[in-house]
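# What the coordinates show
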2 protein chains.
Amino acid sequence: MKSKSKPTGSITLPAEVGEEKMVVQLAKKWGADAIRDSDGTELSQDMLDLGLEVYSTTCLVRAEQTYPRLHMDQLPQKFLMSDPVTATGKTLVIDPMSGFYRDKYVIDLKHSAKKYWEVIDRTTGEVVPVSKWKLDPKSGKVTVNGCVPFHVYTVNFLVFQIWDTTSMYNHLTNNWDKPHVISVDPYHKECWDHLMKFYDKYLENHPQTDVVRLTTLAYHFAVDSDQDSVDKFRDWTGYQDTISVLALEDFAKEHGYRLRGEDFVDEGYYNAACRVPSERYLAWMKFIHRFVVKFGKALVDKAHKAGKKTAIFWGDHWIGVEPYLPGFLKMGIDIHVGAAEDGVALRRISDTPGGLVKELRLYPYFFPDVFREGGDPLGESVSNWIKIRRALLRKPVDRLGYGGYLSLALKFPEFVEHVAELCDEFRAFRDNSGGGESLKAPIKVAVLNAWGNWKPWINSFGAPQKFLVKRPDVIQVAGTNLLECLSGLPVEIEFLSFEEVEKKGIPKDITVIINDGDAETAWSGGRWWANPKVVEKVRAFVHNGGGFIGCRGPTAYQNNGRYFQLSDVLGVDKETGRTLQSAPVPVKLVNDHFITADLTGSADFGTHETFVYVAERSTQVIAAEGCHVMAAANSFGKGRSVFFGALPYDLANSRLLHRAIFWAAGKEAELKKWFCSNPLTDCAWYPKSRKLVVVNNSDQPQTTVVHRGDGKTSKASLKPHASKWMD
Amino acid sequence: MKSKSKPTGSITLPAEVGEEKMVVQLAKKWGADAIRDSDGTELSQDMLDLGLEVYSTTCLVRAEQTYPRLHMDQLPQKFLMSDPVTATGKTLVIDPMSGFYRDKYVIDLKHSAKKYWEVIDRTTGEVVPVSKWKLDPKSGKVTVNGCVPFHVYTVNFLVFQIWDTTSMYNHLTNNWDKPHVISVDPYHKECWDHLMKFYDKYLENHPQTDVVRLTTLAYHFAVDSDQDSVDKFRDWTGYQDTISVLALEDFAKEHGYRLRGEDFVDEGYYNAACRVPSERYLAWMKFIHRFVVKFGKALVDKAHKAGKKTAIFWGDHWIGVEPYLPGFLKMGIDIHVGAAEDGVALRRISDTPGGLVKELRLYPYFFPDVFREGGDPLGESVSNWIKIRRALLRKPVDRLGYGGYLSLALKFPEFVEHVAELCDEFRAFRDNSGGGESLKAPIKVAVLNAWGNWKPWINSFGAPQKFLVKRPDVIQVAGTNLLECLSGLPVEIEFLSFEEVEKKGIPKDITVIINDGDAETAWSGGRWWANPKVVEKVRAFVHNGGGFIGCRGPTAYQNNGRYFQLSDVLGVDKETGRTLQSAPVPVKLVNDHFITADLTGSADFGTHETFVYVAERSTQVIAAEGCHVMAAANSFGKGRSVFFGALPYDLANSRLLHRAIFWAAGKEAELKKWFCSNPLTDCAWYPKSRKLVVVNNSDQPQTTVVHRGDGKTSKASLKPHASKWMD
């Protein structure tokens, strides 16, 4: 009797030259239906002939390496700020490059420094007149005359980037000694033409390629390297590396005003994602985004013409792609690939609009940083997968994949075995869900921040992340991670910007607004909370019955006698040195609350000091450390609000947020529908296939009561990490 | 053989009616040479005849109680801000008094509300035109028309204070049921005349009084009481209760501009001592100070004319007195009395300029809050005395005293015994020091803040104080207390304001500047650090060889790309949500440093998270928790700087500060002169009497090496808390 063959497919395998046998073996074991090359690897003819779908990677702007060396004025540019120097006399010599890696950047001597550079007195904030400084093109140093002694000066200067950031990372991480890769900027017409010609040839030369995997489009995300090649700034979503003088000039023509170096340098903060974006910087982003979409569309059109599909990888040169913006779908990409280590990353892919095939590139990447003696790829994969699966219950993706050197993975047989099970489990989701989504509660959450659909499902790292003593091989979020808690909850979720609220108000279908992030960052909103229109609309929303959940520095902006601008809604405010001599409303802990009903013991808020105090007598403090409020609930008109001092990701806190959302929405009665009593377990009901899945998110056996949609309950027992499907 | 009689004197005893025998007994036991009455107690003829010097208290503005009841428009006024109310429609009715204690305040219906009150839209910060609101004098409510829905509104309104703050405190604390005491404002000519007449009679009626103890002058410090009589705001140094419409008008005439209610309400922050004072508010303080000096001088002159001395008690109605301002000495007061619970309070008295007799009123006060079953007056006294004695080594006072009900103290015989020893020990200091000060190192420290000589030796409470779960009967400083550490160090100390630095620069004799306090408070300086003149001068001072010590939020003000404006000097900066994506210089701990040389184990900085990172490569991190810098040292030009994340008071931290000052001053070689190797002990050398005292500040026996001024050392062993004199 022949056993029924197991379901296969939906898996992309990284191939490795000279390891054909292994590829065949693993493709079978993991049920892969596609292979891909990786950065630094190629597919051999034998592999192309395996009968699997073939993904071929092209990193266009960093592919061909003769052109950039002949056109050094078409490399990506950027504005850097010299490390600040304190004048001790009237003359100051600044070497702008002294704090930067000279193998990566050269100063731009092609364009007039007097036109594009700025020397700034950082004690007064004033720009030093160009007549008072000069650049010595030989030494690259700037001499400033007529300084005010003991003022601090910086130079905003333009550089060309002579070493691609990813190439540099790979060189340093893997001790490569290949020639440095140089990227080019396709904004230059000549460069664009060159790339298109190269790409045409590439398509011709890859007849067996089914999918062109666009690992890069036009611009790399920002990583700045200090004099010792160590990262000094990093913004995975930032436009810092999209500059060219040509684009600056085109922008000026189009907008009627010229951007300054300082618009990019931003007092040295470089418009990082954590910064509330200025209108001018946003205008630049829109300008570049339009260009990138045009570039991407040209590449997709050519691939389609050649009978191939295209995939985009949310990776290195992805700046300008922004999959939640309308421009993304205009490009016509077929497959959307993103790396995922947790539920937030899963949702970043799974929630993107449009009918694209969605594929996760799982961690760990098969690289020697994890796949080394003493490394724990299995542990990392299990921990990642449990978080990803939790979010997968809410929004599915179509495929999984891996990247790197397969030979490295094979040295860890337990890992190989585990991936096989993981692929089977993923396919069980695919097959049992009937292609539909699980049922959500009648609640729609809007995460409100300064970025909205520019940066949904991007971790809003807070200050604790900066002070984390990092383990190099594991992605870790310190301090607070509300988004991860949120990623697995059975509610609809969207991202909303303050600009949208200001202009269009809060969409009618929103039930609960979440404002989560460190004070005075783009994530909590900073100066947007001094905008009366925003404040009016959010207050009216809650007063009329909406829910509001704030975490860490919600609505925080020092203005008009408060720090939390919605302290009347939240019922709490934060001490910032202005009310040290004012008494807060005393903390009286409410012991029984809907929100904390599933809590056994006390929650871990990741901090002992919030410096948040009770500001309204109506506030119900539901968790506190001494007088520091950790969590509070309040009513405001017909609506409700909840405050969390911080919300590190764990299953207990996820349950807190789960209940907080239902409480804030006034939908307590809806909670126990497709709901597990045990917070370490979770379930999802797929109405299309009429199937229920129950999962155990813990590493211990668990028993749970499952509340069905009709009010009936049943019991389920699950092994550690197990999932169980029921009709 | 008759034993040599013990030295006596320098002690003031509180007398109590009907307890003459006890007074005699304790006067002998404690060696008292003066008696005083206390609030609520009187001296009988028998007591007056004991042969002791007699201090008689007069609390002039709250003494006679018929006048205020007949002149309710001459009571102290103040501007209050109604609790903020959020408009939900176009009309809003605000009861300004709803958040305040109606037994304490009545709204001012005498003066035009439209002229003096302000309704403010706290969402935009705009003043609502007077045409849009009206006050109903019957209900005391304000109706605002044409509100913007979901904006927040407040009313700044004038009240008369119908219950004296101290009277109210005593009533509530001791369950008194006497009639409420009402204070008056002598700014009104009629009231002044009334008080002077009353005072003349008082002098006449107290022929046996040697010292008129002016417990009050004109204005009480601010304590605002909420609707339930609970303190909602407190400022022991604040001018909030010095308002009268008459003074406001006089001020306007003198200055050519009129102060608004908002100048006092200050967005609801009420110009608390922690707030950086505005120029307008400072002008008001100067104006009132001048008046108080005039009032005080009139009282002193009359007493002198009557052949009596005067004492001022730094107590309840002391606002406008400010003993470090030049005006103080103009009053001609003879004896300066202040309550003291620690070294900071001792220094507050001992350092005041002028040749006045200085007397400490020690804690605990003989009141039932401490002198009750289960109370620990002995423990409190010992703990206080050790701190006071430590500071006394550096700056002496002339007398000690107590206050309250003597009969309560007698119920604690161990306490009585301990006070006897304490008085003897104090007199040993008096007699052995030869009337001179102990020798200081050739270092002069300036504590730089926004108040300078307005508020020297005032505890700069930080945010942890607000979140402290308080023990009601003990004065406790939470989080950080650099001043207490400083109070016992063998250096010269003065207080310096930013205004002085801006206008006159840093005095030539200053060796080290200390900037200590929470970020954005008057103590650290807030917006003063955006003043280029201040920044230039402090930087130049350090660059030319000066020392700079910053604690908690030194030089903190968000401006021009930094938070710590002197991050180049300090070598560290603080994360405020703007550099989350920038990498700091990695923390590498320096294990051996001059500053930490006496540290056994790790110091207690009272916090685990400073969010302060290394900003300069030259920075030496000398203490850290993970990546959070707790203490750091840096060089800047010829000078040096030290940063402390916080500095709670203990003997180890005092030693840290001791060494930090010497290191910052570049005077390491001067450290071991009249210096104890054991940080739990201390010594002082009195050059006038050529005597050395060694003290044990711990509750365990201690041995220490004493380094003398000539480089020689000797050993000393001391019992717990003991002091030992040597020639």
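Only a predicted model underlies this, so the values are computations on that prediction, with no experimental measurement involved.

This part takes up the overall build of chain A. Secondary structure summary: chain A contains 20 helices and 36 strands in total. Against the 2.2 N^0.38 benchmark of 27 Å for 727 residues, chain A shows a C-alpha radius of gyration of 27 Å, consistent with a compact globule. The dimensions of chain A, computed from C-alpha atoms along their principal axes, are 80 × 80 × 45 Å. Each of the 727 residues in chain A was classed as buried or not, and the buried ones make up 63%. By sequence separation, contacts in chain A at least 24 residues apart represent 73% of the contacts at least 6 residues apart. Of the accessible surface of chain A, which amounts to about 26700 Å², a share of 52% is contributed by carbon and sulfur atoms.

Right, let's get into the pattern of salt bridges. Residue and element names in this part refer to chain A. Applying the stated criterion across every chain, the model contains 94 salt bridges over all chains. Arg234 serves as the salt-bridge partner of Asp231, at 3.0 Å between the closest nitrogen and oxygen. Note on Asp231: relative accessible area 29%, which makes it partly exposed. Between Lys395 and Glu492 there is a salt bridge, and its shortest N-O distance comes to 4.0 Å. Here the residue Lys395 occupies a position in the loop between α12 (377–392) and β19 (399–401), and Glu492 occupies one in strand β21 (residues 492–497), the gap between them amounting to 97 residues. On the basis of relative accessible area, Lys395 is assigned to the buried category, the value being 15%. What you see here is one network of salt bridges that share partners, running through Lys395, Glu437, Lys440 and Glu492.

It is worth spelling out the sheet that holds strand β30 (residues 639–644) of chain B at this point. Residues and elements named next belong to chain B. Spatially, 7 strands are ordered β21-β20-β22-β23-β30-β29-β28 in an open sheet, and the strand pairing comes out mixed. Single-partner strands in this sheet number two, and they are β21 (492–497) and β28 (620–625). With direction set aside, neighbouring strand axes in the sheet form an average angle of 15 degrees. Sheet topology note: the strand β22 (residues 512–517)/strand β23 (residues 547–552) ladder contains 6 bridges and is parallel. Across the sheet, residue Val512 finds its bridge partner in β23, namely Gly547. Along the sheet, helix α20 (residues 651–664) contacts β20 (444–449), β22, β23, β28, β29 (628–636) and β30; its crossing angle with β30, the most-contacted strand, is approximately 160 degrees.

What follows covers the sheet that holds strand β33 (residues 691–696) of chain B. All names here are of chain B. Read across the open sheet, the 3 strands follow the order β32-β33-β36; overall the sheet is antiparallel. Strands at the two margins of the open sheet, each flanked by one partner only, are β32 (681–686) and β36 (723–726). The mean angle between the axes of side-by-side strands here comes to 15 degrees, regardless of whether they run parallel or antiparallel. As judged from the 4 bridges shared by β33 and β36, these two strands associate in the antiparallel manner. In the sheet register, Val694 faces β36, and the bridge partner there is Lys724. Together, β32, β33 and β36 form the strand contacts of helix α14 (residues 413–432), whose direction differs from that of β36 by roughly 20 degrees.

So, about the relation of the copies chain B and chain A. With an RMSD of 0.0 Å, the operation that places chain B on chain A is a rotation of 180 degrees combined with a shift of 0.0 Å along the axis. Each copy turns onto its partner about a two-fold axis. The fraction of interface residues of chain B whose copies in chain A are also interface residues reaches 100%, indicating that both copies meet through the same surface.

All names here are of chain B. Under the 1.5 Å per step criterion, the end-to-end length of α20 is 20 Å for 14 residues, consistent within 8% with the ideal 20 Å. Most of α20 sits out of view: 13 of its 14 residues are buried. Measuring from the backbone nitrogen of Ala652 back to the side-chain oxygen at the start of α20 gives 3.1 Å, which picks out Asp650 as the cap. Trailing α20 by a residue or two, Gly666 shows a phi angle of about 70 degrees, which is positive.

Quick look at the pairing of β28 of chain B now. Residues and elements named next belong to chain B. Direction of pairing for β28 relative to β29: antiparallel, over a ladder of 5 bridges. By the bridge assignment, Ala623 is partnered in β29 with Ala631. Hairpin geometry of β28 and β29 is characterised by an intervening segment of 2 residues between the two adjacent antiparallel strands and by a positive phi of about 60 degrees at Gly626.

Before going further, it helps to examine the interface of chain B and chain A. Quoted interface sizes are often the accessible area lost when the parts come together. Taken residue by residue, the interface counts 70 residues in chain B and 70 residues in chain A. When chain B packs against chain A, the two sides together hide about 5800 Å² of surface, and 54% of this comes from carbon and sulfur. When the area that chain B buries against chain A is broken down by residue, the three leading residues are Lys466, Phe467 and Gln581 of chain B, summing to 15%. The tally of links from chain B across to chain A stands at 8 salt bridges. Close ionic contact of Glu575 of chain B with Lys466 of chain A constitutes a salt bridge, the shortest N to O distance being 3.2 Å. At the junction of chain B and chain A, the tally comes to 42 residue pairs in polar contact (both at pLDDT 80 or more). Broken down by secondary-structure element, the contributors of at least two residues to the side of chain B that touches chain A are β15 (231–235), α15 (463–466), α18 (532–543), β24 (556–559), β27 (612–614) and β29 of chain B.

Our focus in this paragraph is the nonpolar core. Grouped together as the largest cluster of nonpolar side chains are 214 residues, with contacts concentrated most on Trp117, Trp284, Leu486, Phe644 and Ile661 of chain B. By residue number, the principal contributor to this core is helix α9 (residues 279–305) of chain B, which donates 14 residues. Core analysis: the second largest hydrophobic core is formed by 212 residues, Tyr281, Phe287, Phe564 and Val572 of chain A among them.

Position of Arg562 of chain B relative to the elements: it lies in strand β25 (residues 562–564). For Arg562 of chain B, a relative accessible area of 9% gives the class buried. Here Arg562 of chain B is in contact with Pro84, Val152 and Tyr269 of chain A together with Arg539, Tyr557, Ser567, Asp568 and Asp573 of chain B, once residues within four sequence places are set aside.

Residues and elements named next belong to chain B. Tracing the backbone through its elements, the reader meets Thr610 in the loop between β26 (572–574) and β27. In this structure the side chain of Thr610 is engaged in a polar contact, spanning 2.8 Å, whose partner is the backbone oxygen of Val629. Setting aside residues up to four positions removed in sequence, Thr610 forms contacts with Lys574, His628, Val629, Met630 and Gly645.

A complete count under the given rule lists 84 aromatic pairs over all chains for this structure. Judged by centre distance (5.4 Å) and plane angle (90 degrees), the ring pair of Phe611 of chain A and Phe467 of chain B falls under edge-to-face. Taken together, the residues Phe611 of chain A in the loop between β26 (572–574) and β27 (612–614) and Phe467 of chain B in the loop between α15 and α16 (482–487) connect one chain to another. The rings of Phe79, Tyr187, Trp192, Tyr219, Phe251, Tyr257, Phe264, Tyr281, Trp284, Phe287, Phe291 and Phe295 of chain A are connected pair by pair, giving a single aromatic cluster. The ring of Trp192 of chain A has Lys294 of chain A lying over it, and the distance from NZ or CZ to the ring centre is 5.3 Å.

Our focus in this paragraph is the pairing of β33 of chain B. A regular strand places its side chains so that they alternate between the two faces of the sheet. Residues and elements named next belong to chain B. For β33, a buried count of 5 out of 6 residues is recorded, marking the element as mostly surrounded by other parts of the structure. Examined bridge by bridge, β32 and β33 share 6 bridges and lie antiparallel to one another. In the sheet register, Asp682 faces β33, and the bridge partner there is Val695. A loop of 4 residues connects β32 with β33, the two strands running antiparallel in sequence, and Arg690 in this loop sits at a positive phi of about 55 degrees.

Time to look at the domain arrangement of chain A. All names here are of chain A. Structurally, chain A comprises domain 1 (11–63 + 189–221 + 278–432), domain 2 (444–670) and domain 3 (675–726). The distance between the C-alpha centroids of domain 1 and domain 3 comes to 32 Å. Taken together, the 11 residues of domain 1 in the interface contact 14 residues of domain 3. A buried area of about 1100 Å², summed over both sides, lies between domain 1 and domain 3, and 51% of it is on carbon and sulfur atoms. On the domain 1 side of the contact with domain 3, Arg389, Leu393 and Asn432 bury the most area, a combined 51% of that side's loss.

Let us look at the packing of helix α12 (residues 377–392) of chain B against α14 of chain B. Residues and elements named next belong to chain B. As a packed pair, α12 and α14 sit with axes 10 Å apart at the nearest point and diverge in direction by 10 degrees. When the axes of α12 and α14 are compared, the pair comes out roughly parallel. Touching Pro377, Leu378, Ser381, Val382, Trp385, Arg389 and Leu392 of α12 are Glu414, Phe415, His418, Leu422, Glu425, Phe426 and Phe429, all from α14. In terms of residue class, the contact of α12 with α14 is made up of 9 nonpolar, 2 polar and 3 charged.

So, about the environment of Asp83 of chain A. Residues and elements named next belong to chain A. Tracing the chain through its elements places Asp83 in the loop between β4 (77–81) and β5 (85–86). In the structure, Asp83 is positioned 13 residues away from Pro96 in sequence and 7.2 Å away in space, judged by C-alpha atoms. Setting aside anything within four residues of it in sequence, one finds Asp83 in contact with Gly99, Tyr153 and Lys232. Engagement of the side chain of Asp83 in a polar contact is seen with the side chain of Lys232, the distance being 3.0 Å.

Basis of the calculations
- Residues numbered from 1 in each chain as written.
- Chains lettered and ligands numbered in written order.
- Predicted model: local features only at pLDDT ≥ 70, side-chain atom pairs only at ≥ 80, totals over all residues.
- Heavy atoms only, no water.
- Helix = DSSP H or I, 4+ residues; strand = E, 2+ residues; numbered from the N terminus.
- Rg over C-alpha atoms; globule rule 2.2 N^0.38 Å.
- Buried < 20%, exposed > 50% of the residue type's maximum accessible area, 1.4 Å probe, protein only.
- Contact = heavy atoms within 4.5 Å.
- Areas by Shrake-Rupley, 256 points an atom, 1.4 Å probe, with all protein chains shown as cover.
- Salt bridge = Lys/Arg side-chain N within 4 Å of Asp/Glu carboxyl O.
- Pairing = 2+ DSSP bridges.
- Axes fitted to C-alpha atoms, helices over the stretch in contact; angles between N-to-C directions.
- Least-squares fit on C-alpha atoms with pLDDT ≥ 70 in both.
- Expected span 1.5 Å × (residues − 1).
- Polar contact = N/O pair within 3.5 Å; in protein donor to acceptor, adjacent residues only side chain to side chain.
- Buried area = accessible area lost by both parts, 1.4 Å probe.
- Core = buried A, V, L, I, M, F, W, Y, C linked by side-chain atoms within 4.5 Å.
- Phe/Tyr/Trp six-rings, centres within 6.5 Å; stacked < 30°, edge-to-face > 60°.
- Lys NZ or Arg CZ within 6 Å of the ring centre and 35° of its normal.
- Domains from an automatic or database assignment.
- Parallel < 35°, antiparallel > 145°, perpendicular 65-115°, else oblique.
- Nonpolar A, V, L, I, M, F, W, Y, C, P; charged D, E, K, R; others polar.

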